[in-house]
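# Residue-level structure breakdown
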Amino acid sequence: MNTTDNANITCEAHDNLAAILEREARAFAARIQDNNAALPASRYLIIADLEFQYDRSRHDGYRVAEGEGAEQSVRWPFHRIAAASWLALRFDPATDVPVIEELKVVAADEADECAIVTQVFGALERFPGATFVSWGAEAKDLAVLRRCAAEFGLMLPHQLRDLSPHARTRLDLCRAVAVQAKPVHLPEYAAATAIPSKPSPAKSIGKLVEAEAWPAVREQVLADVLTAAAIALRHLASHGEIACHPQRTLGVIADAAAAVLPRSKFVSLVFAPWARAQVASSRLRGAVFRAA
């Protein structure tokens with residue numbers, strides 16, 4: 001065999017090896033793509049709560065105009081949003097603790113009603129695939145938000161447009177946990193399930209708003225979001241809808257709350273120690289719940 005034949009054989013072997021490597025690379029890339037396609041998409045939640053102030057001057061004007069036929073109680077059209085808080089969570093399929101995309105508290109001493117609602121809508125628009133989670137929002141909060149959108153010329157985020165109280169873009173925990181039983185109050189359910197809630201009694205929040213006690217109002221609205229988050233984690237995990245370690249997730253949420261309201265006694269003395277105790281008592285490592 002001469003030198004030319006040896007060179008041809010070497011080139012042919014090289015070409016064959018290159019073809020084999022290319023086929024293997026393509027097969028590997030295809031397997032990676034198939035594995036990624038098999039993973040469920042990330043799940044987003046935005047857990048929110050609102051606090052209100054009565055628009056008594058307009059209600060008084062309505063009562064004068066309507067006379068004896070007027071509704072005496074100050075109903076939801078006259079409820080002005082005085083504070084809001086929301087927590088945006090992203091649940092990734094490969095992790096046991098969600099990413100906190102956003103945790104915000106805003107009150108009337110820094111923003112008027114239109115500005116507060118604009119920020120709430122902005123959060124929902126930033127995460128268009130997020131499920132809007134609340135406690136009892138279908139009964140009043142959504143009506144007020146829709147009134148605000150119409151009154152201020154704002155565009156409703158798509159999560160709030162479906163008129164059905166069972167819309168897939170929303171989760172009202174009050175309805176979800178009760179099913180066909182009589183709905184209960186948030187602190188009522190929380191007390192029954194050993195979850196901390198509300199630094200001030202529920203009926204005192206109106207007085208705190210009217211007194212412009214904004215630090216206490218902020219603490220209350222954030223506390224409602226934290227309590228709802230704890231309930232949502234349990235509810236969704238038990239239904240196989242999220243994959244996370246619920247106890248460690250509570251710890252991460254507590255840390256985020258402490259960063260947002262570092263002077264909150266509810267966060268530092270109640271919720272955070274409770275969250276740490278949940279982690280300690282679980283005595284677990286790794287994933288607890290996994291989506292199918």
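Residues numbered from 1 in each chain as written. Predicted model: local features only at pLDDT ≥ 70, side-chain atom pairs only at ≥ 80, totals over all residues. Heavy atoms only, no water.

This paragraph deals with the overall build of the protein chain. The number of helices and strands found in the protein chain is 10 helices and five strands. Each of the 292 residues in the protein chain was classed as buried or not, and the buried ones make up 43%. Considering only contacts within the protein chain whose residues lie at least 6 apart along the sequence, 75% involve residues at least 24 apart. In the form shown here, the protein chain has an accessible surface area of approximately 15,800 Å², with 56% of it arising from carbon and sulfur atoms. (Helix = DSSP H or I, 4+ residues; strand = E, 2+ residues; numbered from the N terminus. Buried < 20%, exposed > 50% of the residue type's maximum accessible area, 1.4 Å probe, protein only. Contact = heavy atoms within 4.5 Å. Areas by Shrake-Rupley, 256 points an atom, 1.4 Å probe, with all protein chains shown as cover.)

So, on to the packing of aromatic side chains. Under the criterion given, the structure shown has five aromatic pairs. Centre to centre, the rings of Tyr44 and Phe127 are 5.9 Å apart; their planes meet at 25°, and the pair counts as stacked. Separated by 83 residues along the polypeptide, Tyr44 in strand β1 (residues 43-54) and Phe127 in the loop between α3 (113-126) and β4 (131-134) bring together distant segments of the chain. The partly exposed category is assigned to Tyr44, whose relative accessible area is 25%. Ring centres of Phe266 and Phe271 lie 6.4 Å apart, and the angle between their planes is 35°; this geometry places the pair in the tilted category. (Phe/Tyr/Trp six-rings, centres within 6.5 Å; stacked < 30°, edge-to-face > 60°.)

The rolling of a water-molecule-sized probe over the atoms marks out the regions of remaining empty space. By the definition in use, this model includes one cavity of 30 Å³ or more. Volume-wise, the largest cavity comes out at about 50 Å³. If you go around the largest cavity, the residues you meet are Ala48, Asp49, Leu50, Val120, Phe132, Ala137, Asp141 and Leu145. Of all elements in the fold, only β1 and α4 (141-152) reach the threshold of two or more residues within the lining of the largest cavity. When residues in the lining of the largest cavity are grouped by element, the largest group, three residues, is from β1. (1 Å grid on protein atoms, 1.4 Å probe; cavity = no way out; pocket = protein on both sides within 12 Å on 5 of 7 lines; lining within 4 Å. Points joined across faces, edges and corners; volume = space filled by probe spheres on them.)

Scanning the entire structure with this criterion turns up 19 salt bridges. Residue Arg43 pairs with Glu241 through a salt bridge whose shortest N-O separation is 3.6 Å. In this pair, Arg43 sits in strand β1 while Glu241 sits in the loop between α8 (214-238) and α9 (246-260), placing the two residues 198 residues apart along the sequence. Classification of Glu241 as partly exposed rests on a relative accessible area of 39%. For Arg90, the salt bridge is made with Asp92, and the minimal N-O distance between the two is 2.9 Å. (Salt bridge = Lys/Arg side-chain N within 4 Å of Asp/Glu carboxyl O.)

In this structure, Ile47, Leu87, Leu173, Leu222, Leu226, Ile253 and Phe271 are the most contacted members of the largest nonpolar core, which totals 50 residues. Looking at this core element by element, the count peaks at 15 residues for α8. Residues in contact with Ile47, not counting those within four places in the same chain, are Ser85, Trp86, Leu87, Leu89, Val133, Val225, Ala228, Ala229 and Ala232. In terms of nonpolar packing, the next biggest core, distinct from the first, is built from 27 residues, Ile81, Ala111, Ala123 and Cys148 among them. (Core = buried A, V, L, I, M, F, W, Y, C linked by side-chain atoms within 4.5 Å.)

The next subject is the environment of His235. Examined against the element boundaries, His235 turns out to sit in helix α8. Look at His235 and you get buried, because its relative accessible area is 13%. Along the primary structure His235 and Val177 are separated by 58 residues, whereas in three dimensions their C-alpha atoms are 7.6 Å apart. Excluding anything up to four places from it in sequence, His235 contacts Leu171, Leu173, Ala176 and Val177.

This brings us to the sheet that holds strand β3 (residues 99-107). Across the sheet, which stays open at both edges, the five strands sit in the order β3-β2-β1-β4-β5 with mixed pairing between neighbours. On the outer flanks of this sheet lie β3 and β5 (170-172), each paired with one strand and no other. Put simply, the sheet's adjacent strands are angled 20° from each other on average, direction ignored. Note: β1 against β4, three bridges, orientation parallel. Paired with Ile47 across the bridge in β4 is Val133. Where α8 meets the sheet, its contacts fall on β1, β2 (79-91), β3, β4 and β5, and the angle it forms with β1 comes to roughly 145°. (Pairing = 2+ DSSP bridges. Axes fitted to C-alpha atoms, helices over the stretch in contact; angles between N-to-C directions.)

Next up on the list: the side chain of Asp92. Structurally, the position occupied by Asp92 is in the loop between β2 and β3. Since its relative accessible area comes to 17%, Asp92 is described here as buried. There is a polar contact of 2.6 Å between the side chain of Asp92 and the side chain of Ser42. Setting aside residues no more than four positions away along its own chain, Asp92 makes contact with Ser42 and Val99. (Polar contact = N/O pair within 3.5 Å; in protein donor to acceptor, adjacent residues only side chain to side chain.)

Between α9 and helix α10 (residues 265-282), the shortest axis-to-axis distance is 8 Å and the interhelical angle comes to 160°. As far as their axial angle goes, α10 and α9 are roughly antiparallel. Of the two possible hands of crossing, α9 and α10 adopt the one that is left-handed. Two secondary-structure elements touch here, α9 through Gln247, Arg248, Leu250, Gly251, Ile253, Ala254, Ala257 and Ala258 and α10 through Val267, Phe271, Ala272, Trp274, Ala275, Gln278, Val279 and Ser282. Partitioning the contact of α9 with α10 into residue classes produces 11 nonpolar, four polar and one charged. (Parallel < 35°, antiparallel > 145°, perpendicular 65-115°, else oblique. Left-handed = near helix turned anticlockwise from the far one by under 90°. Nonpolar A, V, L, I, M, F, W, Y, C, P; charged D, E, K, R; others polar.)

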